[in-house]
Amino acid sequence: QVQLVESGGGSVQAGGSLRLSCAASGRTFSSYAMGWFRQVPGKEREFVAAISWSGSSAYYADSVKGRFTISRDNAKNTVYLQMNSLKPEDTAVYYCAARGSPWIATTTQDFGSWGQGTQVTVSS
């Protein structure tokens with residue numbers, strides 16, 4: 001298993017931007033697909049974005065497409081989520097996740113390692 005630590009969350013006004021980072025431990029980071037999910041109290045954790053092992057493929061939830069960008073730096077064992085044009089409905093705890101496969105997936109069951117989460121709050 002890989003250890004994941006998120007950072008970069010915070011409070012921002014609607015229309016603003018934040019960049020989340022997720023640092024991973026382990027030598028095999030470059031062989032994992034990575035994902036970002038988010039969760040609000042009382043709701044299930046939902047898919048936000050995922051990226052393949054090389055970074056050549058990415059996939060987004062419709063709700064964030066065109067506003068969020070996922071990327072990775074395998075030399076730094078880090079995956080990022082650039083969030084622009086933030087909306088109040090983006091408010092959630094954001095989780096980084098690693099998958100034991102190089103290829104993209106979009107469900108929580110496909111990811112075996114999770115970070116502790118970082119809070120993002122967008123005010124109107």
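Rules used throughout
- Residues numbered from 1 in each chain as written.
- Predicted model: local features only at pLDDT ≥ 70, side-chain atom pairs only at ≥ 80, totals over all residues.
- Heavy atoms only, no water.
- Phe/Tyr/Trp six-rings, centres within 6.5 Å; stacked < 30°, edge-to-face > 60°.
- Helix = DSSP H or I, 4+ residues; strand = E, 2+ residues; numbered from the N terminus.
- Buried < 20%, exposed > 50% of the residue type's maximum accessible area, 1.4 Å probe, protein only.
- Contact = heavy atoms within 4.5 Å.
- Pairing = 2+ DSSP bridges.

## So, the packing of aromatic side chains
Within this structure, the stated rule accounts for 5 aromatic pairs. Plain terms: the ring middles of F37 and F111 are 5.2 Å apart, the flat faces sit at 75° to each other, and that makes the pair edge-to-face. With F37 in strand β4 (residues 33-39) and F111 in the loop between β9 (92-99) and β10 (113-114), this residue pair connects regions lying 74 residues apart in the sequence. Pair check on accessibility: F37 and F111 agree, each one buried.

## Focus on the side chain of S101
Note that S101 resides in the loop between β9 and β10. Classification of S101 by relative accessible area gives buried; the value is 15%. When sequence neighbours within four positions are dropped, the list of residues in contact with S101 reads S31, Y32 and A33.

## Thoughts on unusual backbone geometry
For N77, which is not glycine, the phi dihedral falls at a positive 55°. Structurally, N77 is set in the loop between β7 (68-73) and β8 (78-83). Even without being a glycine, S85 presents a positive backbone phi close to 50°.

## Points about the pairing of β9
β9 sits mainly inside the fold: 7 of its 8 residues count as buried. By the bridge criterion, 7 bridges tie β4 to β9 in an arrangement that is antiparallel. Paired with M34 across the bridge in β9 is A98. Note: β9 against strand β11 (residues 118-123), 3 bridges, orientation antiparallel. Bridge pairing in β11 places V93 opposite Q119.

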